Amino acid sequence: MKTTMQTEQRAKAEPRHEPGYVTPEVNIYETKDGYVVEAEMPGVHKDGLEITLEDNEITLVGRRQNETVAGTPLFRERVLADYRRVFEIDPAIDAGKIAARMDQGVLTLTLPKSEEVKPRKIAVG
Amino acid sequence: MNSLIRWSRPELATWPSFGRLTDLRNEIDRLFESPLAEMARSARLFSGWTPSLDLYEDKDRLVVKVEVPGMKREDIDVSLHEGCLSISGERKGEEKHKEADVYRAERFFGRFQRTVALPAPVAADKVTAQYQDGILTVTLPKTEEAKPRRIDVNVN
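Residues numbered from 1 in each chain as written. Chains lettered and ligands numbered in written order. Predicted model: local features only at pLDDT ≥ 70, side-chain atom pairs only at ≥ 80, totals over all residues. Heavy atoms only, no water.

Chemist: Can you walk me through the overall build of chain A in this structure?
Modeler: Along chain A, the regular secondary structure elements total one helix and nine strands. Listing each helix as α and each strand as β along chain A from the N terminus yields α-β-β-β-β-β-β-β-β-β. Counting all 125 residues of chain A, 49% fall into the buried class. Taking all contacts inside chain A whose residues are at least 6 apart in sequence as the whole, residues at least 24 apart take part in 57%. A total accessible area of about 6,500 Å² is found for chain A, and carbon and sulfur atoms account for 52% of it. (Helix = DSSP H or I, 4+ residues; strand = E, 2+ residues; numbered from the N terminus. Buried < 20%, exposed > 50% of the residue type's maximum accessible area, 1.4 Å probe, protein only. Contact = heavy atoms within 4.5 Å. Areas by Shrake-Rupley, 256 points an atom, 1.4 Å probe, with all protein chains shown as cover.)

Chemist: What am I meant to see in the overall build of chain B here?
Modeler: A count of helical and extended segments in chain B gives two helices and eight strands. Counting helices and strands in the order they occur from the N terminus, chain B gives α-α-β-β-β-β-β-β-β-β. Classification of the 156 residues of chain B by burial places 38% in the buried group. Put simply, of all contacts in chain B between residues at least 6 apart along the chain, 55% involve residues at least 24 apart. For chain B, the accessible surface area stands at approximately 10,100 Å², while carbon and sulfur atoms represent 52% of it.

Chemist: What is the right way to read the sheet that holds strand 1 (residues 53-57) of chain B from this model?
Modeler: Two orientations exist for strands paired in a sheet by backbone hydrogen bonds: parallel and antiparallel. One open sheet holds the five strands; their spatial order is 6(A)-1(B)-2(B)-8(B)-7(B), and the pairing between them is antiparallel. Two strands bound the open sheet, and with one partner strand each, they are strand 6 (72-76) of chain A together with strand 7 (128-132) of chain B. For this sheet the average axis-to-axis angle between neighbouring strands, irrespective of direction, equals 20°. Two strands pair when backbone bridges link them, and strand 2 (residues 61-67) of chain B and strand 8 (residues 135-141) of chain B are joined in this way by seven bridges, in the antiparallel orientation. Across the sheet, residue valine 63 of chain B finds its bridge partner in strand 8 of chain B, namely threonine 139 of chain B. (Pairing = 2+ DSSP bridges. Axes fitted to C-alpha atoms, helices over the stretch in contact; angles between N-to-C directions.)

Chemist: Where do I start with the pattern of salt bridges in this structure?
Modeler: Opposite charge on two side chains makes pairing possible when the charged atoms of those side chains draw close. One pass over the full model with this rule turns up 20 salt bridges over all chains. Here glutamate 38 of chain A ties to arginine 107 of chain B by a salt bridge, and the two come within 2.8 Å at their closest N and O atoms. With glutamate 38 of chain A in strand 3 (residues 34-40) and arginine 107 of chain B in the loop between strand 5 (101-105) and strand 6 (110-117), the pair connects residues from two separate chains. You can call glutamate 38 of chain A buried: its relative accessible area is 3%. For arginine 107 of chain B, a relative accessible area of 9% translates into the label buried. It is possible to trace a salt-bridge network through shared partners that takes in Glu38 and Glu40 of chain A together with Arg91 and Arg107 of chain B. (Salt bridge = Lys/Arg side-chain N within 4 Å of Asp/Glu carboxyl O.)

Chemist: So what exactly am I meant to see when it comes to the nonpolar core here?
Modeler: Soluble, globular proteins show a tendency: their nonpolar side chains are buried together. One finds Met41, Ile58, Leu60, Leu107 and Leu111 of chain A to be the most contacted residues of the largest nonpolar core, which totals 21 residues. Elements represented by at least two residues in this core include exactly strand 2 (26-30), strand 3, strand 5 (57-62), strand 7 (82-88) and strand 9 (106-112) of chain A. In this view, leucine 60 of chain A contacts Ala39, Met41, Glu50, Ile51, Tyr83, Arg84, Arg85, Phe87, Leu107 and Leu109 of chain A; residues no more than four positions away in its chain are not counted. Judged by nonpolar contacts, the second largest core, of 20 residues, contains Leu55, Leu85, Tyr131 and Val138 of chain B. (Core = buried A, V, L, I, M, F, W, Y, C linked by side-chain atoms within 4.5 Å.)

Just geometry here; none of it tells us what the structure is for.
Right under this line is the structure:
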């Protein structure tokens with residue numbers, strides 16, 4: 001089966017081509033039931049998440065919140081931009097059952113495969 | 001790969017002094033038409049996990065913010081020793097994904113440690129740490145002596 005979950009859109013994945021956004025680091029797993037995407041978005045609360053599904057593309061946007069000014073910066077490594085990353089998704093995914101969870105800056109997205117494509121065990125009578 | 005300078009996120013360009021470095025990188029990218037960011041990403045495998053850290057100062061306190069998403073509170077260790085703040089911890093991978101096929105593995109699991117020399121003496125007993133939305137915020141109130149003091153000048 002052709003798995004398109006991994007064929008990410010290169011142009012969009014490259015931070016320099018997406019001004020104003022940080023590309024979150026992701027892990028993607030496939031199990032027999034579906035896919036799991038974990039995206040690192042420190043500073044994003046669940047209210048700051050925007051997940052949109054259009055045709056065969058899923059767009060993850062995370063907006064930072066509660067970033068209060070803590071004084072004069074003496075040393076800065078963090079990039080306080082919002083996060084964005086786009087993935088092409090496998091047509092076998094049941095779009096209606098996609099679920100998202102946010103826990104300490106990590107977004108976990110579960111994308112179940114539709115029943116028809118799941119491997120099925122046939123009992124031998 | 002074993003450069004002496006630790007690898008930093010490519011987006012570090014926002015820090016002004018890195019501007020020139022970024023320009024150079026863009027130039028090289030243009031020459032080879034292969035994004036170096038991808039290579040930098042893989043370099044991270046060798047250099048380990050170095051979470052991004054910010055240090056802020058105002059008149060009463062120092063504030064350190066570190067991006068360590070997906071941790072458990074009990075796995076983060078904050079300590080203060082001889083004017084240096086150390087933040088360390090370990091992020092464990094989830095057991096349930098052991099059996100799955102991995103398509104992308106950009107997240108780092110394992111140990112990290114960051115140490116920052118504090119520019120002012122702080123009251124060790126008043127230091128607080130908070131972990132929210134994957135960001136650890138350590139607030140270090142300055143000692144009374146370190147705070148700027150206004151001296152009134154009396155003119156007779």
